[in-house]
Amino acid sequence: WITEEFGFPQRLGDHERARRFQAVFDLQRRHGGAGVGFWNLGTEVEPQSHDVSDRTPAVWQVVRANAPARPG
């Protein structure tokens, strides 16, 4: 399976969102999921936003740490 378009609102705070993002990645890995796609890559910073970018540094670090390795 693929977990697609998951995310958490910024009102939770960057560190709580990062913890939840990591939990989704861990769940995928533990159960052999084929892939994962978070919602939403963007630079908006507002309580209702689900955007992930370097403007949400803790979440950004988790997403980058769980990205597939680049060939090469």
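As the structure is a prediction and not an experimental result, all values here were calculated from the model.

*Asks:* Before we move on, can you summarise the layout of surface pockets with the specific residues and values?
*Replies:* If you roll a probe as big as a water molecule over the atoms, it shows you where there is empty space left. Looking at the largest pocket, its volume works out to about 260 Å³. In terms of lining residues, the largest pocket is bounded by 13 residues, among which Phe-25, Gly-35, Val-36, Asn-66 and Pro-68 are the most central. Among the elements that line the lining of the largest pocket, the one with the most residues is strand β2 (residues 35–38), at four residues. Partitioning the lining of the largest pocket into residue classes produces seven nonpolar, five polar and one charged.

*Asks:* Pulling in residues and values, what's your account of the packing of aromatic side chains?
*Replies:* Taken as a whole and judged by the stated rule, the model has five aromatic pairs. Seen in terms of ring centroids, Phe-8 and Phe-21 are 5.6 Å apart; in terms of plane orientation they differ by 70 degrees. Their pairing is edge-to-face. Here Phe-21 lies in helix α1 (residues 14–31) and Phe-8 lies in the loop between β1 (2–6) and α1, a separation of 13 residues in the sequence. Judged by its relative accessible area of 17%, Phe-8 is buried. Here Phe-21 falls in the buried class, since its relative accessible area comes to 0%.

*Asks:* Give a description of the pairing of β1 that names residues and reports values.
*Replies:* By the bridge criterion, four bridges tie β1 to β2 in an arrangement that is parallel. Opposite Phe-6, over in β2, you have Phe-38 as the bridge partner.

Reading guide: rules and limits
Residues numbered from 1 in each chain as written. Predicted model: local features only at pLDDT ≥ 70, side-chain atom pairs only at ≥ 80, totals over all residues. Heavy atoms only, no water. 1 Å grid on protein atoms, 1.4 Å probe; cavity = no way out; pocket = protein on both sides within 12 Å on 5 of 7 lines; lining within 4 Å. Points joined across faces, edges and corners; volume = space filled by probe spheres on them. Helix = DSSP H or I, 4+ residues; strand = E, 2+ residues; numbered from the N terminus. Nonpolar A, V, L, I, M, F, W, Y, C, P; charged D, E, K, R; others polar. Phe/Tyr/Trp six-rings, centres within 6.5 Å; stacked < 30°, edge-to-face > 60°. Buried < 20%, exposed > 50% of the residue type's maximum accessible area, 1.4 Å probe, protein only. Pairing = 2+ DSSP bridges.

Purely geometric numbers; function is a separate question.
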